[in-house]
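Reading the structure
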Amino acid sequence: MTDASPARVLFSTGSLYLLDVAYVFALAREAGYDGVEVMCDERWSTRDPAYLSDLAAAHDLPVLVLHTPFSAKIPGWGYAHDEINRIERTLELAETLNAESIVVHLPSKGTTRHLHLGALEVRLPILNGTSKVKTWIETQLSDVQRKTRVKIALENMPLREIGGVRVDHTWWNDVDTWSGVHDHLTMDTTHWGSKGIDPLAAYTAARSRIAHVHLSNYFQHEEHHLPHKGELKLGRLLEAMAADGFSGTVSLEVQPQHLEYKDPKAMRRNLRDAAQFMRTHLGQPAHASLTR
C-alpha cells in the first residue's frame, strides 16, 4: 500500500439529489466522508449560504466544492438563462462558504434546440460552434481566477449520443488539450470512461493541475456507477494519486439508483462501501473523519 494521501474524500449531494439536502449531509457524516460537494440546483437550499453554513457546522462537514447548476431555471439568482451568470453566482457562494473549488463544465460546441411535438419535447443539439462559456474561458477566466482564491476547475465531459451516434460535442475534451486548458481542472473518471480513455492516463497528463476528482465507474455504456463496480480500474488511479501526495478533493458522484436510494439500509451500506474503497486505495484509515 502507498503512503496515505492527504486528499479529502467528499460526497456530492448530486448523487442523492432526489433527497432533502439536510438528510444528505447527515448520511455523508454517518458514512465517514470528510466533506461535501454541493450540486447547486433549482432548490434554494442548495444555494443559501446561511443554510449551508448551518448544515456544515451541525454535521462537522465543510462544503469544500460547489458545482455550477445544470439547469437554466435557477430561481433567486437572476439572469438564469445566462451561463456566465451561473458561474459567477456559484463562485460568489464558494467564496462566502470558504470552499476550495467550483466545478465548471467544458463548453459545448453548439446549442440545444427544443422542439415541441404535442406533449413531447425533443432536444436537438446544433453543433454551430457558438458558446458564451468558450469565449469567457478564452478571454476572461485567467483574470477572474487571479482575483479569487477559489479554484475554478474545468471538468472534462462525456460523449453524447446524437441520432444514434456517439460524438464528442465539447471543446478541449481530449486529454492533450484539456490537460492544459486552465490552471485548475476537475477530472471526471466516468466521463473519460465513456470515451474509452483510462482515467489514469488523463491524471498523468494533467497531474499538477487537477484540483478535484469526480469518482465513479463506467459499465456497459452507462456512467456514474459505484467506484468499486465497473470497467475502470479506479483503485489503481487512487493509488497513483496517493503516491503523488495528491492533496485535492475526491467526490463520490454516482447515480441515485446505484446507491439504492429507495432502500435506506442498502443506501447506507453503499455509501460506506464507496468511502471505504476510496480510503483503502488512498492509503487512509477507515472513517478517518469520525476519529479526528
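What comes next concerns the included structure. (Residues numbered from 1 in each chain as written. Predicted model: local features only at pLDDT ≥ 70, side-chain atom pairs only at ≥ 80, totals over all residues. Heavy atoms only, no water.)

1. Section: the overall build of the chain
Secondary structure assignment for the chain yields eleven helices and 14 strands. Accessible surface for the chain amounts to roughly 13100 Å². Of this, 52% is attributable to carbon and sulfur atoms. (Helix = DSSP H or I, 4+ residues; strand = E, 2+ residues; numbered from the N terminus. Areas by Shrake-Rupley, 256 points an atom, 1.4 Å probe, with all protein chains shown as cover.)

2. Looking at the pattern of salt bridges
One pass over the full model with this rule turns up twelve salt bridges. Two residues, Glu92 and Arg89, come together in a salt bridge whose shortest N-O distance is 3.5 Å. Separated by three residues within a single helix, Glu92 and Arg89 lie in helix 3 (residues 83-97), roughly one turn from each other. Accessibility expressed as a relative area gives 43% for Glu92, which makes it partly exposed. Arg89 sits in the partly exposed class, given a relative accessible area of 26%. Asp198 is paired through a salt bridge with Arg236; the nearest N and O atoms lie 2.5 Å apart. Here the residue Asp198 occupies a position in the loop between helix 7 (189-194) and helix 8 (199-206), and Arg236 occupies one in helix 9 (residues 234-244), the gap between them amounting to 38 residues. (Salt bridge = Lys/Arg side-chain N within 4 Å of Asp/Glu carboxyl O. Buried < 20%, exposed > 50% of the residue type's maximum accessible area, 1.4 Å probe, protein only.)

3. Topic: the environment of Val250
When you line up the elements, Val250 lands in strand 14 (residues 249-252). Given the relative accessible area of 0%, Val250 is considered buried. It is 9.8 Å that separates the C-alpha atoms of Val250 and Val65, two residues lying 185 residues apart in sequence. Excluding residues that lie within four positions of it along the chain, Val250 makes contacts with Ala7, Arg8, Val9, Leu10, His212, Val213, Leu215, Leu238, Met241 and Met278. (Contact = heavy atoms within 4.5 Å.)

4. Quick notes on the packing of helix 1 (residues 21-31) against helix 10 (residues 264-282)
Taken N-terminus to C-terminus, the directions of helix 1 and helix 10 make an angle of 55°; their axes are 9 Å apart at the nearest point. In terms of axis orientation, helix 1 runs oblique to helix 10. Helix 10 is crossed by helix 1, and the crossing has right-handed handedness. Taken together, the residues of helix 10 that come into contact with helix 1 (itself represented by Tyr23, Leu27, Glu30 and Ala31) are Met267, Arg268, Leu271, Arg272 and Ala275. Of the residues contributing to the contact of helix 1 with helix 10, the split by class is six nonpolar, no polar and three charged. (Axes fitted to C-alpha atoms, helices over the stretch in contact; angles between N-to-C directions. Parallel < 35°, antiparallel > 145°, perpendicular 65-115°, else oblique. Left-handed = near helix turned anticlockwise from the far one by under 90°. Nonpolar A, V, L, I, M, F, W, Y, C, P; charged D, E, K, R; others polar.)

5. Some points on unusual backbone geometry
With a phi close to 55°, Trp172 is a non-glycine residue in the positive phi region. Along the polypeptide, Trp172 turns up in the loop between strand 9 (165-167) and helix 6 (175-178). Even without being glycine, His221 reaches a positive phi, approximately 65°. Take His221: it is sitting in the loop between strand 12 (217-219) and strand 13 (222-225).

6. Section: helix 2 (residues 49-59)
Buried residues of helix 2: Leu52, Leu55, Ala56 and His59, and no others. End-on, the buried residues of helix 2 take up no more than an arc of 100°, which puts them together on one face. The exposed set on the far side of helix 2, more than 90 degrees from its buried face, consists of Asp54, Ala57 and Ala58. Tucked into the core, helix 2 has its buried residues touching helix 1, strand 2 (35-39), strand 3 (63-67) and helix 3. At the N-terminal boundary of helix 2, the capping side chain belongs to Asp48, with an oxygen 3.1 Å from the backbone nitrogen of Ala50. Two residues or fewer past helix 2, Asp60 is found with a positive phi of approximately 55°. (Arc of directions from axis to C-beta. Polar contact = N/O pair within 3.5 Å; in protein donor to acceptor, adjacent residues only side chain to side chain.)

7. So, the environment of Leu18
One can find Leu18 in the loop between strand 1 (8-12) and helix 1. In this structure, the C-alpha to C-alpha distance between Leu18 and Pro256, residues 238 residues apart in sequence, is 7.6 Å. With sequence-adjacent residues up to four places away left out, Leu18 is seen in contact with Pro256 and Tyr261.

8. Some details on the sheet that holds strand 11 (residues 210-215)
Within the closed barrel, the eight strands sit side by side as 1-2-3-4-7-10-11-14. Their pairing is parallel. Going across the sheet, the axis of each strand differs from the next one's by a mean of 25°, ignoring polarity. Relative to strand 4 (residues 101-105), strand 3 runs parallel, the two being bridged by three bridges. Along strand 4, the bridge assignment pairs His67 with Val103. In the packing of helix 8 onto the sheet, contacts are made with strand 10 (185-188) and strand 11, and the angle to strand 10 comes to roughly 165°. Strand contacts of helix 9: strand 10, strand 11 and strand 14, with the helix running at about 160° to strand 11, the strand carrying the most contacts. (Pairing = 2+ DSSP bridges.)

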